[in-house]
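Spelled out from the first residue to the last, the chains are:
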Amino acid sequence: VQLVESGGGLVQPGGSLRLSCAASGFTFSAYGMSWYRQAPGKERDLVATITSGGGTTTYADSVKDRFTISRDNTKNTVYLQMNSLKPEDTAVYYCNAHRWLEYWGQGTQVTVSS
């Protein structure tokens, strides 16, 4: 099983980034997918979740109306479009797959700074 995140980097406040998470080794379309983030010295927090079929999404209040989670089950990939980024969005972002088992990616760093 592998979850490989990409797309992180350094961006100025107000900018955008699109994270991708490529999955392999399990039946991607059967799993709900989430993005979490962890800032230095803080706990890992849930950012957004999408159901296995993509029909339902949920977001943390702090990112609502700025971030969009989506998935392509033909490509075994989940995305996080992040707009209007703020310095407080700086964190390592992790991809998570969940059903009765749970899998994690290695994380990708997002830094929002001028």
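Just so you know, these numbers come straight off a predicted model, no measurement behind them. (Residues numbered from 1 in each chain as written. Predicted model: local features only at pLDDT ≥ 70, side-chain atom pairs only at ≥ 80, totals over all residues. Heavy atoms only, no water.)

Draft legend 1. Focus on the sheet that holds strand E8 (residues 77-82). Read from one edge to the other, the open sheet built from four strands follows the order E1-E3-E8-E7, with strand pairing classed as antiparallel. Across the chains shown, the open sheet's two edge strands, defined by having one partner strand only, are strand E1 (2-6) and strand E7 (67-72). Across the sheet, the mean angle separating the axes of adjacent strands is 15 degrees when strand polarity is ignored. Summarising the sheet, E1 and strand E3 (residues 17-24) pair through five bridges and their orientation is antiparallel. (Pairing = 2+ DSSP bridges. Helix = DSSP H or I, 4+ residues; strand = E, 2+ residues; numbered from the N terminus. Axes fitted to C-alpha atoms, helices over the stretch in contact; angles between N-to-C directions.)

Draft legend 2. Molecular detail of the nonpolar core. In terms of nonpolar packing, the biggest core is built from 28 residues, with Leu3, Trp35, Val78, Leu80, Met82 and Tyr93 touching the most fellow members. Elements with a minimum of two residues in this core: E3, strand E4 (32-38), strand E5 (44-50), E7, E8, strand E9 (91-98) and strand E11 (108-112). (Core = buried A, V, L, I, M, F, W, Y, C linked by side-chain atoms within 4.5 Å. Buried < 20%, exposed > 50% of the residue type's maximum accessible area, 1.4 Å probe, protein only.)

Draft legend 3. Spatial organisation of the environment of lysine 86. One can find lysine 86 in the loop between E8 and E9. Residue classification places lysine 86 among the partly exposed residues on the basis of a relative accessible area of 35%.

Draft legend 4. Representation of the state of the cysteines within the structure. One pass over the structure, following the stated rule, counts one disulfide. The disulfide partner of cysteine 21 is cysteine 95, and the gap between their sulfur atoms is 2.1 Å. Taking the sign of the torsion about the S-S bond as the criterion, the disulfide between cysteine 21 and cysteine 95, at about -80 degrees, is left-handed. You can see cysteine 21 sitting in strand E3 and its partner cysteine 95 sitting in strand E9, a full 74 residues away along the chain. Of the two residues, cysteine 21 and cysteine 95, neither departs from the other in class, the shared state being buried. (Disulfide = S-S within 2.5 Å.)

Draft legend 5. Molecular detail of the pattern of salt bridges. In this structure the tally under the stated criterion is three salt bridges. One salt bridge in this structure joins arginine 37 and aspartate 89, with 2.9 Å as the shortest N-O distance. In this pair, arginine 37 sits in strand E4 while aspartate 89 sits in the loop between E8 and E9, placing the two residues 52 residues apart along the sequence. For aspartate 89, a relative accessible area of 0% gives the class buried. (Salt bridge = Lys/Arg side-chain N within 4 Å of Asp/Glu carboxyl O.)

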